[in-house]
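# Observations on chain architecture
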Amino acid sequence: MRAETIAIHAGNLYEISTQDVTPPINLSTTFLRNEDGGYSGGHMYSRVSNPNRSALENILTELEQGADCCAFSSGNTAGMSVFQAIKPGSHIIAPDDMYWGFKKQLQTIFADTIAIDFIDLTDLNLIEQHIKGNTVMIWVETPSNPLLKITDLKAIAKISKAHGLILACDSTFASPCLQNPIALGADLVMHSTTKYIGGHSDVLGGALITAEKNEFWEKIRNVQQIGGAVPSPFDCFLLVRSIKTLAYRMRGHSTNGMALAQYLEQHPKVAAVYYPGLTSHPGHETAKAQMRDFGGMLSILVKGGAPEARNLVNKVKIFAQATSLGGVESLIEHRASVEGPDTKTPQNLIRISAGLEHIDDLIADFEQAFAQI
Ligand SMILES: *Cc1c(COP(=O)(O)O)cnc(C)c1O
């Protein structure tokens, strides 16, 4: 089945006596045992599993063409569960522009247990040079945040397999409808479901999908169930509901993202546009090969510096000045001031999450804002 069909049907896992077409929210924290002590409903205690979470995990497994999924209370806990499952003393390779929350985790929470090299993963030779005896994982993020760098998943999977490493991919910017890293050779896919999968800026969550149920995956499942950073049944219900329209939302986000990128690329007050759909983007050909479309995320460099960039985000009216991405409403933010004083993000960089409003209104909003700066 195709993504549109899976998204609508793969969440309907269990039969309910009231013949519901859509699964209800199951708030029970505990489930009845049989006379023989077993659990005929398949669930025992809600931290371990819950019908709404199983529905969400089932859809994401199918959409990512994987073998299993663990859902978490946030994208950050999804990533953290991977790092917790890694044996202390190991070394991992991660992108130099890794999502800043994960970089922070690795530099603080895991500073004493995991060694890391942050490198430019678009340079394949650099990866080979950094693989050591204790290297266990290559963590990729594509498209990356906030520079929209594209990493060649197939090429890195080859390197990773040759060295017996785990290849994990943060695929949040693409969503399961635009890119399936497992089909390209990745072992693990990570999503912040807070973003496109949720799609309405009203639920926080994360997920990991594995290509194979192996020993490392069992460790992650253990961290999820015993660590307990699980999403609530209501959050899972919201995500299952959102996923039903994901494929159609991604088409809209991609159409608006491309139109905004093309408009901004020719604007005299813009110094650069980072969007993988533009032929001027260095990762365009790779993106075309490994993605179905280019998504709704783009970043621009405003001519001038931080004052000009901040002025622009203050002048737009439809775009909400807020962090995060992937919702139906367009968002805009001055990224460096979100990431703090030690960020490498250019001070004149603006990150845009193209929403699903009419493109003419979005462009008109930029026109009036540029006219004032
Ligand atoms: C938001 C985000 C995360 C973290 O997810 P949360 O749900 O905010 O914890 C990780 N990676 C990327 C690329 C993100 O955009």
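Here, every reference points to the structure presented above.
The rules behind each value
Residues numbered from 1 in each chain as written. Predicted model: local features only at pLDDT ≥ 70, side-chain atom pairs only at ≥ 80, totals over all residues. Heavy atoms only, no water. Pairing = 2+ DSSP bridges. Helix = DSSP H or I, 4+ residues; strand = E, 2+ residues; numbered from the N terminus. Contact = heavy atoms within 4.5 Å. Axes fitted to C-alpha atoms, helices over the stretch in contact; angles between N-to-C directions. Phe/Tyr/Trp six-rings, centres within 6.5 Å; stacked < 30°, edge-to-face > 60°. Buried < 20%, exposed > 50% of the residue type's maximum accessible area, 1.4 Å probe, protein only. Lys NZ or Arg CZ within 6 Å of the ring centre and 35° of its normal. Salt bridge = Lys/Arg side-chain N within 4 Å of Asp/Glu carboxyl O. Near = heavy atom within 4 Å. Polar contact = N/O pair within 3.5 Å; in protein donor to acceptor, adjacent residues only side chain to side chain. Areas by Shrake-Rupley, 256 points an atom, 1.4 Å probe, with all protein chains shown as cover. Nonpolar A, V, L, I, M, F, W, Y, C, P; charged D, E, K, R; others polar.

## Notes on the sheet that holds strand β11 (residues 331-334)
With mixed pairing, the 5 strands of this open sheet are ordered in space as β8-β9-β12-β11-β10. Edge strands, defined here as strands with exactly one partner in the open sheet, are β8 (270-274) and β10 (320-321). For β10 and β11, the ladder comprises 2 bridges, and the chain directions are parallel. For Gln321, the partnering residue across the bridge sits in β11 and is Ile332. Of the strands in this sheet, β9 (297-302), β10, β11 and β12 (349-353) touch helix α11 (residues 306-315), which is tilted by about 155° from β11.

## A few points about the packing of aromatic side chains
Between two aromatic rings, the relevant description is the distance of the centres plus the angle of the planes. A full pass over the atoms with the stated rule returns 10 aromatic pairs. When the centroid spacing of 6.4 Å and the interplanar angle of 40° are considered together, the rings of Tyr263 and Phe366 count as tilted. Residue Tyr263 is found in helix α9 (residues 246-265), and its partner Phe366 is found in helix α13 (residues 359-370); the two are separated by 103 residues along the sequence. Like Phe366, Tyr263 is buried. Measuring from centroid to centroid gives 5.8 Å for Phe366 and Phe370, while their planes differ by 25°, and the two rings are stacked. Note that Phe366 and Phe370 are positioned in helix α13 at a spacing of 4 residues, about one turn of the helix. With respect to burial, Phe366 and Phe370 carry one shared label: buried. Residue placement shows Lys103 over the ring face of Phe118; its charged tip is 5.0 Å from the ring centre. Between Arg251 and the ring centre of Tyr248, over which it is positioned, the NZ or CZ distance is 4.7 Å.

## Notes on the pattern of salt bridges
All chains considered together, the criterion is met by 11 salt bridges. The salt bridge involving Glu339 is made with Arg335; its shortest N-O contact spans 2.7 Å. Of this pair, Glu339 and Arg335 are both found in helix α12 (residues 335-339), 4 residues apart, which corresponds to roughly one turn of the helix. Given a relative accessible area of 11%, Glu339 falls into the buried group. One network of salt bridges, with partners in common, ties together Arg53, Glu57, Asp68 and Arg221.

## Concerning the site of the ligand
In the vicinity of the ligand, 15 residues are found, and the nearest of them are Asn76, Asp170, Ser192, Thr194 and Lys195. Contacts to the ligand include Asp170, whose side-chain N or O atom sits 2.7 Å from a nitrogen atom. A distance of 2.6 Å is found between an oxygen atom of the ligand and a side-chain nitrogen or oxygen belonging to Thr194. Burial of the ligand by the protein chains amounts to 91% of its free accessible area of 380 Å². Mapped by element, the contributors of at least two residues to the shell around the ligand are α3 (75-85) and β6 (188-192). Per-class residue counts for the shell around the ligand are 5 nonpolar, 7 polar and 3 charged.

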